[in-house]
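Each chain is listed here by its residues.
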Amino acid sequence: MKVTIVGAGAVGASCAEYVAIKNFASEVVLLDIKEGYAEGKAMDLMQTATLNGFDTKITGSTNDYSKTANSDIAVITSGIPRKPGMTREELIGINAGIVKEVSANLIKHSPDVTLIVVSNPMDTMTYLVHKTTGLPKNKIIGMGGALDSARFKYRLSEALECPPSDVDGMVIGGHSDTGMVPLTRLATRNSVPVSAFLSEERLNQVAEDTKVGGATLTKLLGTSAWYAPGAAVSGLVQAIACDQKKMFPCSALLDGEYGLSDLCIGVPAILGKDGLEKIVELKLDDAEKNKMKESAEGVKKTNGLLDV
Ligand code: NAI
């Protein structure tokens with residue numbers, strides 16, 4: 001199993017580390033445009049192999065895509081991250097050009113690859129890859145909902161004063177401060193609906209804190225986060241590599257599901273060896289349906305800024 005990660009910055013390197021530690025991939029190639037950067041990150045990570053007990057071989061390359069040949073899965077984390085006060089949508093100008101070029105280069109050397117798009121604005125970047133590469137739609141997956149759901153579960157566990165592993169919950173919709181739809185109605189603590197423990201007001205607060213989860217960290221860190229994003233991407237990579245048939249909210253190209261078409265937006269999806277194998281259609285109530293519709297309008301507005 002060969003995994004390539006393009007963009008050896010904060011999120012790309014974090015993803016490489018988690019993939020290696022989970023020990024399911026034989027090879028990880030890190031590639032970056034910055035001279036020597038990916039090689040340095042790869043060497044540093046390889047020097048953790050005996051400490052962390054993994055056998056995955058990690059190599060780095062400065063923009064030589066021949067090193068990525070025959071990758072099974074490739075992750076696109078190249079592009080600029082937001083600074084405090086910025087929205088993800090403001091990154092579109094620079095990142096669209098990068099994502100388009102990177103995805104074309106990856107496919108040239110790995111025609112059967114499954115691509116995981118991470119660069120922001122992620123739903124629009126995923127749509128761009130669908131529009132420009134010609135890969136089958138199950139092989140292009142955007143990562144956002146897995147991270148947003150992890151942040152939702154963290155906030156829920158905080159409110160419930162319980163371990164995060166006791167909590168289950170999901171965020172669907174667009175990966176943006178206004179577009180996320182945390183499904184508080186369906187969230188559970190040890191299979192019990194969280195509404196049994198928390199007031200509606202507290203649950204609304206959890207949902208709001210989740211939606212600005214990335215912005216909160218960007219303000220604290222001065223740049224966007226990397227541990228949880230890297231771990232979330234590694235979860236998607238593992239589900240595909242190990243054919244886990246595991247469900248994650250992912251940005252998928254919709255064709256009528258949830259009453260939406262011709263956009264990529266976060267919906268629950270089963271991931272396995274064929275990439276995004278199935279979109280799961282949840283029964284949403286009217287309020288949730290409206291939020292999803294509004295979220296889709298926001299994503300489409302950003303898509304409108306693309307030159308495709
Ligand atoms: P970073 O600045 O630490 O790393 C980005 C890397 O991409 C840099 O090393 C840069 O040299 C490289 N790069 C730029 N152009 C390239 C090209 N044409 N080819 C190869 N490499 C290139 O940024 P960070 O924090 O790792 O974030 C990366 C992207 O992921 C950003 O767009 C950020 O907004 C996004 N992100 C998305 C998340 C999600 O949930 N979808 C979560 C966190 C970040």
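Residues numbered from 1 in each chain as written. Predicted model: local features only at pLDDT ≥ 70, side-chain atom pairs only at ≥ 80, totals over all residues. Heavy atoms only, no water.

Going by what an unreviewed UniProt entry lists, the protein chain is known as Malate dehydrogenase and is assigned to Christiangramia aestuarii. Taken from UniProt, the Function (unreviewed entry) comment for the protein chain reads in full: "Catalyzes the reversible oxidation of malate to oxaloacetate." Under the heading Catalytic activity (unreviewed entry), UniProt records this for the protein chain: "(S)-malate + NAD(+) = oxaloacetate + NADH + H(+)". (UniProt positions renumbered as here; feature names shortened; annotations may be inferred.)

Participant: Help me understand the overall build of the protein chain, please; the structure alone is not making it clear to me.
Facilitator: Scanning the protein chain from terminus to terminus reveals 10 helices and 14 strands. Since a compact globule built from 308 residues should have a radius of gyration of about 19 Å, the 18 Å found for the protein chain is in line with a globular shape. Principal axes of the C-alpha set define a box for the protein chain whose edges measure 55 × 45 × 35 Å. Here the protein chain, with 308 residues, has 53% of them falling under the buried criterion. Accessible surface, the protein chain as shown: approximately 13500 Å² in total, 52% of it carbon and sulfur. (Helix = DSSP H or I, 4+ residues; strand = E, 2+ residues; numbered from the N terminus. Rg over C-alpha atoms; globule rule 2.2 N^0.38 Å. Buried < 20%, exposed > 50% of the residue type's maximum accessible area, 1.4 Å probe, protein only. Areas by Shrake-Rupley, 256 points an atom, 1.4 Å probe, with all protein chains shown as cover.)

Participant: Just checking my understanding: could you explain the site of the ligand for this structure?
Facilitator: The environment of the ligand is formed by 29 residues, the closest being Ala 10, Val 11, Asp 32, Ile 80 and Met 143. Measuring from an oxygen atom of the ligand, one finds a backbone N or O atom of Ala 10 at 2.9 Å. Contact between the ligand and Gly 79: an oxygen atom at 3.4 Å from a main-chain N or O atom of the residue. Computed on the free molecule, the ligand has an accessible area of 870 Å², of which 89% lies beneath the protein chains in the complex. (Near = heavy atom within 4 Å. Polar contact = N/O pair within 3.5 Å; in protein donor to acceptor, adjacent residues only side chain to side chain.)

Participant: I'm lost on the UniProt feature "active site" (unreviewed entry) in the protein chain in this one. Help?
Facilitator: Following the UniProt record, the feature "active site" (unreviewed entry) maps to His 175 here. Note that His 175 resides in the loop between strand 8 (171-173) and strand 9 (180-182). When near neighbours in sequence (up to four residues on either side) are disregarded, His 175 contacts Arg 88, Asn 120, Met 122, Asp 123, Gly 144, Leu 147, Asp 148 and Met 180. For His 175, the side chain forms a polar contact with the side chain of Arg 88, separated by 3.2 Å. (Contact = heavy atoms within 4.5 Å.)

Participant: What is the right way to read empty space enclosed by the protein from this model?
Facilitator: Scanning the model with the defined rule gives 1 cavity of 30 Å³ or more in all. In this structure, the largest cavity encloses a volume near 50 Å³. Together, 13 residues line the largest cavity, and Gly 144, Gly 145, Asp 148, Gly 173 and Gly 266 are the ones closest to its centre. At the level of secondary structure, the elements contributing two or more residues to the lining of the largest cavity comprise helix 5 (122-133), helix 6 (145-160) and strand 8. (1 Å grid on protein atoms, 1.4 Å probe; cavity = no way out; pocket = protein on both sides within 12 Å on 5 of 7 lines; lining within 4 Å. Points joined across faces, edges and corners; volume = space filled by probe spheres on them.)

Participant: How should helix 5 be read in this particular structure?
Facilitator: Residues three or four positions apart in an α-helix share a direction because the helix packs 3.6 residues into each turn. Helix length check: helix 5, at 12 residues, gives a terminal C-alpha distance of 16 Å against a target of 16 Å (1.5 Å per residue), a fit within 8%. Counting buried positions over the 12 residues of helix 5 gives 10, a clear majority of the element. Those residues of helix 5 not exposed but buried are Met 122, Asp 123, Thr 124, Met 125, Thr 126, Tyr 127, Leu 128, Val 129, His 130 and Thr 133. Residues of helix 5 that are buried in the fold lie against helix 4 (92-109), strand 5 (114-117), strand 6 (140-142), strand 12 (246-255), strand 13 (261-272) and helix 10 (286-303). (Expected span 1.5 Å × (residues − 1).)

Participant: Just to check I follow, could you spell out the UniProt feature "domain: Lactate/malate dehydrogenase C-terminal" (unreviewed entry) in the protein chain for this structure?
Facilitator: Look at the UniProt record and you will see "domain: Lactate/malate dehydrogenase C-terminal" (unreviewed entry) annotated at residues 147-301. Helix makes up 43% of residues 147-301 and strand 25%, whereas the separation of the span's terminal C-alpha atoms amounts to 23 Å.

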